[in-house]
Amino acid sequence: MGLLDSLFGNGGRRFIKRKDSDAGEAGRALEDLRGSLYNDLRTSEAAKRQQRRFCGPVVALTFNFMVAVGIILGNKLVMGRVGFNFPIFLTFIHYCCAWLLLAIFKALSLLPAAPPAKSTPFSSLFSLGVVMAFASGLANASLKHNSVGFYQMAKIAVTPTIVIAEFFLFKKTISFHKVLALAVVSVGIAVATVTDLEFNLFGACIALAWIVPSSVNKILWSNLQQQTNWTALALMWRTTPVTIFFLVALMPWLDPPGVLSFKWDVHNTSAILISALLGFLLQWSGALALGATSATSHVVLGQFKTCVILLGGYLLFSSDTGWTSICGAVTALGGMTVYTSLSIKESREKARDQLPKQSLPPQKLKSTEDDDNSRYSPPDHTPAVV
């Protein structure tokens, strides 16, 4: 400090101290921010509140829609140009990368806390992990072994399967107007996308086997988040190891041999890793959407994505989709609009019913007034009869 005193004097010493104090304040602010974030994620209740606060239905559905469009392009790149024709192993890579990212979040104390073990039976988490493996793996296998038309028919069948499954599992019913809207959506999607129905026995078996796990997967994701304090990331952390185990069991049955002889160069590996990152974002955004809405709404979102891709290709790239497909897509969008408006109306009515009542019930209010009148009744000034 003697050299600094000789060069700058007392002003230099004050400048260095001010810089040190600024650095200390910035460090304390960063530590306070990290501590606040840690406190928000330390309990499952606080983490659930944060998820509902920052990721409502509109944000979750928009996030899921954007990622779904991106992963379609990513998977086309991997299975088309790269030539990676191992759908189950690709799904396995997706979930391994997702579990690695979740492990990093946990090491950095950024993974939300899970509810107590007694609040959710292990069988529910195990079942979710199993159906996730079958739903994700069989979806990619169905896309590989079936024509686009047959694949879309299987996707359309998921909607009534969810409605029937929720009725038998949870006694959940939907209004007649919603049923009509969903029927219009399904017919419109069928007209818009089902242009070829090439039948393949093996592919048809895979498609039919995929419908039930896909429906149950969406129902369990939605129910566990809405009925308990599970967040999307915490539930992914608990169920992903089970999914990975069953994907390994599915690989010898559904994947062709030769995955080790694939050309794992920098270009191909980079494309597969980008697809894996998009797969993690798709799983996360899908879980957020299912937690914020319902399984049926999430299926309608997937059909909306199909319509947007079809109409976008026609409007932006002048693709020859045919007027029949265009009319089907417009019809499906009309049904989706009606379904969305009915869902918003029901959610508002439910929120209004849950609001605390500001006034007392009529009977209680009347009894209270009678008590007050008897307590504070004025004296009787009627003259006595002599």
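Everything quoted here is computed from the prediction, not taken from an experiment. (Residues numbered from 1 in each chain as written. Predicted model: local features only at pLDDT ≥ 70, side-chain atom pairs only at ≥ 80, totals over all residues. Heavy atoms only, no water.)

Caption draft 1: Geometry of the overall build of the protein. In terms of regular secondary structure, the protein is built from 14 helices and 0 strands. Secondary structure elements of the protein, listed N to C terminal, follow the sequence α-α-α-α-α-α-α-α-α-α-α-α-α-α. Taking all contacts inside the protein whose residues are at least 6 apart in sequence as the whole, residues at least 24 apart take part in 86%. (Helix = DSSP H or I, 4+ residues; strand = E, 2+ residues; numbered from the N terminus. Contact = heavy atoms within 4.5 Å.)

Caption draft 2: Representation of the pattern of salt bridges. Here the structure, examined in full by the defined rule, presents 2 salt bridges. Linking K263 and D265 is a salt bridge whose minimum nitrogen-to-oxygen distance equals 4.0 Å. Judged by its relative accessible area of 25%, D265 falls in the partly exposed class. (Salt bridge = Lys/Arg side-chain N within 4 Å of Asp/Glu carboxyl O. Buried < 20%, exposed > 50% of the residue type's maximum accessible area, 1.4 Å probe, protein only.)

Caption draft 3: The packing of aromatic side chains, seen in detail. With the rule as written, the count across this model stands at 16 aromatic pairs. Between F84 and F86, the ring centres sit 5.2 Å apart and the planes meet at 65°, which makes this aromatic pair edge-to-face. Arranged with centres 6.0 Å apart and planes meeting at 35°, the rings of F122 and F126 form a pair that is tilted. One end of the pair is F122 and the other is F126, both in helix 5 (residues 122-145) and 4 residues apart, which spans about a single turn. Its relative accessible area of 61% is what places F122 among the exposed residues. Look at F126 and you get partly exposed, because its relative accessible area is 35%. Taken together, the aromatic side chains of F84, F86, F89, F92, F262 and W264 make up a single cluster linked through ring pairs. It is K171 that lies over the ring of F167; its NZ or CZ is 5.7 Å from the centre. (Phe/Tyr/Trp six-rings, centres within 6.5 Å; stacked < 30°, edge-to-face > 60°. Lys NZ or Arg CZ within 6 Å of the ring centre and 35° of its normal.)

Caption draft 4: Molecular detail of the environment of T228. Of note, T228 is situated in the loop between helix 9 (201-227) and helix 10 (232-254). Considering only alpha carbons, one finds T228 and S44, 184 residues apart in sequence, at a separation of 9.3 Å. In this structure, T228 is in contact with K48, S119, T120 and N223, ignoring residues within four places of it in sequence. Within the local environment of T228, its side chain forms a polar contact with the backbone oxygen of L224, the two atoms lying 2.3 Å apart. (Polar contact = N/O pair within 3.5 Å; in protein donor to acceptor, adjacent residues only side chain to side chain.)

Caption draft 5: A look at unusual backbone geometry. Of note in this structure, S109 is not a glycine but carries a positive phi near 60°. Among the secondary structure elements, S109 is positioned in the loop between helix 4 (87-107) and helix 5. Since its relative accessible area comes to 29%, S109 is described here as partly exposed. Positive phi is not limited to glycine here, since K171 has a value of about 55°. You can see K171 is positioned in the loop between helix 7 (158-170) and helix 8 (176-193).

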